[in-house]
Amino acid sequence: MYQYDVIDQRIVDERVRQFRDQTNRFLSGELSEDEFRPLRLQNGLYIQRHAPMLRVAIPYGVLSTRQLRMLAFIARRYDRGFGHFSTRQNIQYNWPKLEDVPDILEHLATVQMHAIQTSGNCVRNVTTDHFAGVAQDEIVDPLVWAELLRQWSTFHPEFAFLPRKFKIAIVGADNDRAATLVHDIGIQAVRSESGEIGFRIIVGGGLGRTPIIGHVVREFLPWRHLLTYLDAILRVYNRYGRRDNKYKARIKILVKERSPAEFREAVEAEWKHLEDGPGTLVAEEVARVEARFVRPAYRELPAIDAAHEHRLRAEPAYGRWVSRNVHAHQQDGYCAVSVSLKQHGLPPGDATAEHMDAVADLADRFSFGEVRVTHEQNLVLPHVELRLLAELWGELKALRLATPNIGLLTNIIACPGGDFCSLANAVSIPVAEAIQARFDDLDYLHDIGELDLNISGCMNSCGHHHVGHIGILGVDKGGEEWYQISIGGRQGSDAALGKVIGPSFARAQVPDVIEQLVHVYLAHRESEVERFVDVVRRLGVEPFKEAVYANAD
Amino acid sequence: MPTLIKGRRVVSDSWVFLADEALVPESGPVYVTLKRWLAERESLSARTAAVGVLLSPADDPENLASDIGRFALIAVEFPAFTDGRGYSTARLLRERYGYQGEMRAVGDVLRDQVFLLARCGFDALALRDDQNVESAIAAFADFSEVYQNAADRPGLFARRLAASAGGAR
Ligand code: SF4
């Protein structure tokens, strides 16, 4: 985990003071609502359906237990006892009072946290692989680079008022767990043949109302040039991105309208001026940031733990949990454990203050005091000893946080939707709950196998429905809530956008439709290894469509 | 009249903006749109009094590159404070085209952008009328440290490195 130095701390403290002053000026009427809006948004503060919503940054999804306990404290003291982990590795509070927000930020600053740039038309909180430093398919640990990006983007003076929001994700493994192909900029850390670290730079991907897979603008950018190259991309976007229509203002539209090749040329021409300039990274700086990461002091352990192996065979429920929620680790004798925030009696991604405290206690006992937040809205204990795994499983079960459903249908990704969000066409959480209730038989769920189901309450696509194997989108039909269903989307290295199967459905029909889709899949799969999304790829949407709409009549 | 802040102090403004159709006065500093500058470059340069240019957000500052030493003022317009193009314009003028004269932010110039504007190379701010001047001057000190390199100073890591190299010697 990265530890702030005095300057990092001072900048965050000064931000609290600045925002307190801005809030006071707004409350006294000196700042108009229009003038305050962009300022509060750049601090993650929305005014929405019931109350303000505050989005707190969890930079690249890494939390210390001290930080997690602070999040619990804030949930209790300023909210209604819970928080919502979002698909961008942040946490959202839905009930804080506007005048309390400066105090909340002051509390956060004491544990090296903030809400800087979690919303607004600026460079947002950078996201990465939740298995960074853990995954066996990792080529480069992205955390140091993610922290360098955090510092570079924090109050970047040139890019505070971009045409629209700007999201960057970075990954360093074969499997793209950070969805870099659907970000404004996706960064894939790679190594050259000589072992030098560099980055593949992808621009112009995104979901929302115009979903697009990003374009590679640089196959290999040597690491020194990372920040200057981003400056060049952002400058081209800041100067030429559309500002006349907010629906056409994302960088993906600029890339599309200019053509990727022409956009790339503009970036390269701009970068020629910045290349080797004062923004160029140096090895000393990378080493300095690296040294501020406290890494776990792993013990020397055998790769295989006999008791664990025995239990896997003897206790099917344990085996089932391990098969879904436990992940291989780079370090012998260790593993990473997903804590499922799905199907524990709360909406997807929600956690109570008690859960947060309990997970913090477990992370202190089992995982070097470190927790990760995933873009699938779950938590991860990243460094658990295999020989203690069964003990941890027992603890998680007692907390109802051991649902063995990571990667399965009930691990639903859902945005807050119409229950909270003023932009929504329809609710998402009750739909997720209805589907989870329909598929609560664990044997059946495991038999269905891997299936990502994503729900968004409107075209803004916060629930990433385009990349769900099954995607559900809330639409408005004459003031009523309807749901459009798409299939065949996927995230990762071969990301693809789902196809809509046909006219939308009323809310009550949705669980039936999902069940029919699953039946078609089960009837057509060639083996258990062939996943739902593979069958869609092989057969197309037709058989699914036929079944669903034949029965609908 | 907007209040003009320069060098973190309120100063009086001797510059007059000339609309495109207005007659050019014999004396006194004036500034004109980029369009007018490009059309009347010769006659405007022939004046003995100082000349400046006003850039709108969409104007490309590269148009001024070859004449950069001739201007005593470049004003960059912010039609709305949420239109961030002027920040790039300013950095290009300072860092790429080497402009050293007065660079002034005009238009929707508010207290809460002062710190960013200064970082991008603005040394003069024509504050919107309703702004609290003391508060705007205080805003130059909103933050005591910054990470990125920009027009005002090198990035934190470059300064750190220079300091440690200096210390080692
Ligand atoms: S997808 Fe729409 S409804 Fe859901 S959180 Fe985003 S804006 Fe709100």
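Residues numbered from 1 in each chain as written. Chains lettered and ligands numbered in written order. Predicted model: local features only at pLDDT ≥ 70, side-chain atom pairs only at ≥ 80, totals over all residues. Heavy atoms only, no water.

### Let's talk about the packing of helix α7 (residues 251-258) of chain A against helix α8 (residues 260-274) of chain A
All names here are of chain A.
Now for step 1: At a minimum axis separation of 5 Å, α7 and α8 run at an interaxial angle of 110°. With respect to α8, the element α7 is oriented roughly perpendicular. Contacts from I251, L254, V255 and R258 of α7 reach α8 at P260, E262, F263 and A266.
Now for step 2: Here the contact of α7 with α8 is built from residues that sort into 6 nonpolar, no polar and 2 charged. (Axes fitted to C-alpha atoms, helices over the stretch in contact; angles between N-to-C directions. Helix = DSSP H or I, 4+ residues; strand = E, 2+ residues; numbered from the N terminus. Parallel < 35°, antiparallel > 145°, perpendicular 65-115°, else oblique. Contact = heavy atoms within 4.5 Å. Nonpolar A, V, L, I, M, F, W, Y, C, P; charged D, E, K, R; others polar.)

### Notes on the packing of helix α10 (residues 306-314) of chain A against helix α11 (residues 316-325) of chain A
Residue and element names in this part refer to chain A.
Now for step 1: Close contact between α10 and α11 brings their axes to 5 Å; oriented N to C, the two are set at 110°. Comparing their axes, α11 and α10 come out roughly perpendicular. Contacts between α10 and α11 involve H308, R311, L312 and A314 from the first element and P316, Y318, G319 and V322 from the second.
Now for step 2: Among the residues making up the contact of α10 with α11, the classes are represented as 5 nonpolar, 2 polar and 1 charged.

### Re the domain arrangement of chain A
Residue and element names in this part refer to chain A.
Now for step 1: You can read the domains of chain A as domain 1 (6-109), domain 2 (127-291), domain 3 (306-398) and domain 4 (413-552).
Now for step 2: Once you take the C-alpha centre of each, domain 2 and domain 3 turn out to be 32 Å apart.
Now for step 3: Taken residue by residue, the interface counts 10 residues in domain 2 and 13 residues in domain 3.
Now for step 4: Of all residues in domain 2, H130, F131 and V134 bury the most surface against domain 3, accounting for 61% of the area lost on that side.
Now for step 5: Where domain 2 touches domain 3, the interface holds 0 salt bridges. (Domains from an automatic or database assignment. Buried area = accessible area lost by both parts, 1.4 Å probe. Salt bridge = Lys/Arg side-chain N within 4 Å of Asp/Glu carboxyl O.)

### Observations regarding the site of the ligand
Now for step 1: The environment of the ligand is made up of A:C415, A:P416, A:G417, A:C421, A:L423, A:A424, A:G457, A:C458, A:N460, A:S461 and A:C462.
Now for step 2: Counted by class, the shell around the ligand contains 7 nonpolar, 4 polar and no charged residues. (Near = heavy atom within 4 Å.)

### Regarding the interface of chain B and chain A
Now for step 1: Contact residues are listed per partner, giving 35 residues for chain B and 47 residues for chain A.
Now for step 2: Buried area between chain B and chain A, summed over both chains or domains, comes out near 3600 Å², and the portion from carbon and sulfur atoms is 55%.
Now for step 3: Taken as a group, B:F143, B:Y147 and B:F157 account for 21% of the area that chain B buries against chain A, more than any other trio of residues on that side.
Now for step 4: Counting across the interface, chain B meets chain A through 8 salt bridges.
Now for step 5: For B:R91, the salt bridge identified is with A:E158, shortest N-O distance 2.9 Å.
Now for step 6: If you look at where chain B meets chain A, you find 17 residue pairs in polar contact (both at pLDDT 80 or more).
Now for step 7: Taken together, the elements giving at least two residues each to the side of chain B that touches chain A come down to α3 (85-96), α4 (114-119) and α6 (156-168) of chain B.
Now for step 8: When residues of the side of chain B that touches chain A are assigned to their parent elements, the largest contribution, 6 residues, is made by α3(B). (Polar contact = N/O pair within 3.5 Å; in protein donor to acceptor, adjacent residues only side chain to side chain.)

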